[in-house]
Amino acid sequence: MSPLTKSVPPAAQPPVRTGPVQPGWLRVTHWLNALAVLAMVTSGWRIYNASPIFGFRFPNELTLGGWLGGALRWHFAAMWLLAANGLVYLLFNVSSGRLSRRFFPLTLRGVVRDALAALRGRLAHDDPHQYNQVQRIAYLFAVLDLVLLVASGLAIWKPVQLGWLCALFGGFQGARWVHFLAMSGLVAFVAIHVVMVALVPRTLRTMITGR
């Protein structure tokens, strides 16, 4: 080799990630959350039908519980599962550092860019270990919405004992409004989430097998 010739080092390759895309604790809490949300929403619809806020009712075929008393039992059981499981989910996300790695950074420009790319069918899903910014804001919305759903539900359940919480929502009727709107937001999130899973089926596989 000529002394004037310099060897060019090979291009650095990105590190190969061998760990699971979704850890076991996440998969378990995800599916328990899904079960709890399904039970809460469908039983909540039956409870709503007993005293509707708006001029419509949900079809009984889509509700859970059979009657008001049965729906309340399902609703409270699912509420405790959702609250306990959701707390475990948050604690593991924070303590493992996954919350900061997966959900941040998050910027308005990044959300708009990824949303426009998704609408054009050009949103990349090359690295399943990383969320795009549309996913980040959607999952953060779901977490915050669930917190609001539980808090407003507790205010409706114990308006006297938790009077301070009920007052935060503007009273009992205000808490009912917030609870209904939070439920509607959660249903919308689930619907969009299902559509996105259908468009990128491997995300379902990773949530079952971890890889």
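Residues numbered from 1 in each chain as written. Predicted model: local features only at pLDDT ≥ 70, side-chain atom pairs only at ≥ 80, totals over all residues. Heavy atoms only, no water.

Looking at an unreviewed UniProt entry, one finds the chain named Thioredoxin reductase, with Pandoraea cepalis as its source organism. Per UniProt, the comment on the chain under Sequence similarities (unreviewed entry) is "Belongs to the HupC/HyaC/HydC family." (UniProt positions renumbered as here; feature names shortened; annotations may be inferred.)

Caption draft 1: Quick look at the overall build of the chain. A count of helices and strands for the chain gives eight helices and zero strands. Along the chain direction, N to C, the helices and strands of the chain fall in the order α-α-α-α-α-α-α-α. In the chain, buried positions account for 35% of the 211 residues. Here the contacts in the chain between residues at least 6 apart in sequence split such that 67% fall between residues at least 24 apart. (Helix = DSSP H or I, 4+ residues; strand = E, 2+ residues; numbered from the N terminus. Buried < 20%, exposed > 50% of the residue type's maximum accessible area, 1.4 Å probe, protein only. Contact = heavy atoms within 4.5 Å.)

Caption draft 2: Quick look at the confidence of the model for the chain. Summarising the model, the chain shows a mean pLDDT of 82, and 86% of its residues fall at 70 or more. In this model, residues 1–16 is a region of pLDDT below 50 whose contacts with residues beyond four sequence positions or in other chains number zero contacts. (pLDDT = per-residue confidence, 0-100.)

Caption draft 3: Spotlight on the UniProt feature "transmembrane region" (unreviewed entry) in the chain. Listed under "transmembrane region" (unreviewed entry) in the UniProt record, and renumbered for this structure, are residues 31–48, 72–92, 137–157 and 177–201. Regarding residues 72–92, the helix share stands at 100% and the strand share at 0%, and the terminal C-alpha atoms are separated by 30 Å. Secondary structure over residues 137–157 splits into 100% helix and 0% strand, and the C-alpha atoms at its two ends are 30 Å apart.

Caption draft 4: Quick peek at the packing of helix α5 (residues 133–157) against helix α7 (residues 172–199). Where α5 meets α7, the closest approach of the two axes is 8 Å, and the angle between their N-to-C directions is 150°. Taken as axis vectors, α5 and α7 run roughly antiparallel relative to one another. Pair α5 / α7 crosses with left-handed handedness. Across the interface between the two elements, A138, Y139, F141, A142, D145, L146, L148, L149, S152, G153, A155 and I156 of α5 pack against F172, A175, R176, V178, H179, A182, M183, G185, L186, F189 and H193 of α7. For the contact of α5 with α7, the per-class residue count stands at 16 nonpolar, five polar and two charged. (Axes fitted to C-alpha atoms, helices over the stretch in contact; angles between N-to-C directions. Parallel < 35°, antiparallel > 145°, perpendicular 65-115°, else oblique. Left-handed = near helix turned anticlockwise from the far one by under 90°. Nonpolar A, V, L, I, M, F, W, Y, C, P; charged D, E, K, R; others polar.)

Caption draft 5: Representation of the packing of aromatic side chains. Tallying each qualifying case throughout the model produces 14 aromatic pairs. Measuring from ring centre to ring centre gives 5.4 Å for Y48 and F58, while their planes differ by 65°; the resulting arrangement is edge-to-face. Remark: F58 occurs in the loop between α1 (24–50) and α2 (68–96) and Y48 occurs in helix α1; sequence separation between them is ten residues. For the pair Y48 and F58, one class covers both residues: buried. Members of the aromatic cluster, joined through ring pairs, are W45, Y48, F54, F56, F58, W177 and F180. Against the face of W157 rests K158, its NZ or CZ located 4.9 Å from the ring centre. (Phe/Tyr/Trp six-rings, centres within 6.5 Å; stacked < 30°, edge-to-face > 60°. Lys NZ or Arg CZ within 6 Å of the ring centre and 35° of its normal.)

Caption draft 6: View of the side chain of S43. For S43, the position within the fold is in helix α1. Look at S43 and you get buried, because its relative accessible area is 0%. A distance of 2.9 Å separates the side chain of S43 from the side chain of H75, its partner in a polar contact. (Polar contact = N/O pair within 3.5 Å; in protein donor to acceptor, adjacent residues only side chain to side chain.)

Caption draft 7: Quick peek at the environment of A151. Of note, A151 is situated in helix α5. With residues near it in sequence (within four places) discarded, A151 still touches L165 and F169.

Caption draft 8: Structural detail: a nonpolar patch on the surface. Taken together, the side chains of V28, L32, L35 and L81 present a nonpolar region at the surface, about 310 Å² in accessible area. Of the residues forming the nonpolar patch, the biggest block, three residues, is contributed by α1. In this structure, L32 sits in helix α1. (Patch = residues over 30% accessible without salt bridge, like charges linked within 9 Å, V, L, I, M, F, W, Y side chains within 5 Å. Areas by Shrake-Rupley, 256 points an atom, 1.4 Å probe, with all protein chains shown as cover. Salt bridge = Lys/Arg side-chain N within 4 Å of Asp/Glu carboxyl O.)

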